[in-house]
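Letter by letter, the chains look like this.
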Amino acid sequence: MSDPSTGVSRAWVEVDEGALRRNLRRVRDAAGASALVPMLKANAYGLGMGPVLEMVRRETSSDELWAIGVAAVAEGEELRRLGWEGRVVVFSPAPPGEFDRAARAGLTLALSDLGAVQRWADAARGAGRLLAFHTEIDTGMGRAGFAAADAAEWGPRVARAAADLLEWEGCFTHFHSADEPAPEPTDEQQRLFLRALGELPPGPARRVVHSANSAAAVRRAGFGGDVVRPGIFLYGGSAGPGAVPEAVASLRARIALVREVEPGTTCGYGATYTARRRERWGTLAIGYGDGLPRGLSPAGGEALVRGRRVPMIGRISMDVTVVDLTDLPEAVEAGEVATLIGRDGGETIKVDEVASRVGTIAYEVLTGLGTRLPRVYLPPDGTRNP
Ligand SMILES: *Cc1c(COP(=O)(O)O)cnc(C)c1O
């Protein structure tokens, strides 16, 4: 296993820029004329906001890159620190105390009720300049948004509250099931969304209309709207049947210790595993404190060593994980690299495989990758960063 960490790290995350950019290209091709709002929230799904921003910029023209999407005001501020001067849309509802900060950073807010529109207008008055917003329309997500059914009622009130202080830049909704096999729930949400749009006052509210996450952008041609908002697909997580991207992130850890153990030797907290024969165990320098899900080992979790799958044994600790190397044809030495997610030789463990073993989704596995893991960026030609 090659070692792009140059041997300094106990464990690390590799990010393949070429793969991320090819995934972005697939979204762009599928989205047709729609411009892009890549979602870089949660540290670009754990892979590093700054480097991912640069990858996205290298892959897109300024016409194609309509905005960067985040979830939190602090993430928008981080984009400003990184030098991004373009549009930033904060998609999750911002707490009332953060509106002035959002105004100072020149962010665009997604607003979900009249109180928020008024607060944003106050912030605009304080800042002495026009501030932009999008209204979220709730078509079934239920976590935010104006009710789709009442658009004729709230639309004019939003327009009045915005008056000369705010720029009502557009409307969006968010799909709850676009990654599932059946198209009907998404069709129904889109229908409610379009009907609500039709009841809004004509003009700016309908200027930029959008609904597609990764799954809808890749799987539902024509659902693009003016912009699409891809996240998980860029980062290598499946967006449903027929929407499987290239793997982007690999999780590697060094084998810190190799030991021969006698039958009867137990392993890990709770001593849940006992050697039944003379076995060779490898201690990997990674644990749940790095974001490796603790439930993985009892769920049949594996690592790749020298291109072969080896089983995890015992419970995963905060800092280490033990694998059974006994059945490998050759003796493995301390210092070699094990792969928890990604490819080694002819074998691959996908992030979706890890997620489904522990009953979760690739999003949670990726965003859970810890701060103790350096991110190593592989440039598009496969060679290492200088
Ligand atoms: C996170 C998010 C997305 C991206 O969703 P993916 O499933 O990761 O593509 C799109 N829109 C909104 C509003 C989001 O919060």
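Everything numeric here is computed off the predicted structure, so don't read it as measured data.

(A) Examining the packing of aromatic side chains more closely. One pass over the structure, following the stated rule, counts 7 aromatic pairs. Each ring, one from Tyr273 and one from Trp281, has its centre 5.9 Å from the other, and the planes form 65°; the classification is edge-to-face. Positioned over the ring face of Trp66 is Arg87, at 3.8 Å from the centre of the ring. When the ring centre of Phe99 is taken as reference, the NZ or CZ atom of Arg119 above it lies at 5.2 Å.

(B) Structural context of the environment of Arg25. You can see Arg25 is positioned in helix α1 (residues 17-31). A residue is classified by how much of its surface remains accessible, and Arg25, at 34% relative accessible area, is partly exposed. Considering only alpha carbons, one finds Arg25 and Thr60, 35 residues apart in sequence, at a separation of 8.8 Å.

(C) Region of interest: the site of the ligand. As a structural note, the neighbourhood of the ligand is formed by 13 residues, with Lys41, Tyr45, Ser214, Ile232 and Tyr363 the closest of them. The separation between a nitrogen atom of the ligand and a polar side-chain atom of Arg229 is 2.8 Å. In the environment of the ligand, an oxygen atom lies 2.8 Å from a nitrogen or oxygen atom belonging to the backbone of Ile232. For the ligand, whose unbound accessible area comes to 390 Å², protein coverage reaches 93%. Cavity membership is defined here by more than half of the atoms lying within 2 Å of grid points; on that basis the ligand lies in the largest pocket.

(D) Spatial organisation of the domain arrangement of the protein. According to the domain assignment, the protein consists of domain 1 (32-235) and domain 2 (249-378). With centres defined by C-alpha atoms, the gap from domain 1 to domain 2 works out at 39 Å. Listed as interface residues are 9 residues of domain 1 and, on the opposing side, 7 residues of domain 2. Summing both sides of the interface, domain 1 and domain 2 together bury roughly 780 Å²; the carbon and sulfur share of this comes to 68%. When the area that domain 1 buries against domain 2 is broken down by residue, the three leading residues are Tyr45, Leu47 and Ile232, summing to 54%. Taken together, the links from domain 1 to domain 2 amount to 0 salt bridges. Where domain 1 packs against domain 2, one counts 2 residue pairs in polar contact (both at pLDDT 80 or more). Counting only elements with at least two residues in the side of domain 1 that touches domain 2, the list comes to α2 (41-45) and α3 (49-59). Its residues assigned to classes, the side of domain 1 that touches domain 2 shows 7 nonpolar, 2 polar and no charged.

How each quantity is defined
- Residues numbered from 1 in each chain as written.
- Predicted model: local features only at pLDDT ≥ 70, side-chain atom pairs only at ≥ 80, totals over all residues.
- Heavy atoms only, no water.
- Phe/Tyr/Trp six-rings, centres within 6.5 Å; stacked < 30°, edge-to-face > 60°.
- Lys NZ or Arg CZ within 6 Å of the ring centre and 35° of its normal.
- Helix = DSSP H or I, 4+ residues; strand = E, 2+ residues; numbered from the N terminus.
- Buried < 20%, exposed > 50% of the residue type's maximum accessible area, 1.4 Å probe, protein only.
- Near = heavy atom within 4 Å.
- Polar contact = N/O pair within 3.5 Å; in protein donor to acceptor, adjacent residues only side chain to side chain.
- Areas by Shrake-Rupley, 256 points an atom, 1.4 Å probe, with all protein chains shown as cover.
- 1 Å grid on protein atoms, 1.4 Å probe; cavity = no way out; pocket = protein on both sides within 12 Å on 5 of 7 lines; lining within 4 Å.
- Sits in = over half its atoms within 2 Å of the grid points.
- Domains from an automatic or database assignment.
- Contact = heavy atoms within 4.5 Å.
- Buried area = accessible area lost by both parts, 1.4 Å probe.
- Salt bridge = Lys/Arg side-chain N within 4 Å of Asp/Glu carboxyl O.
- Nonpolar A, V, L, I, M, F, W, Y, C, P; charged D, E, K, R; others polar.

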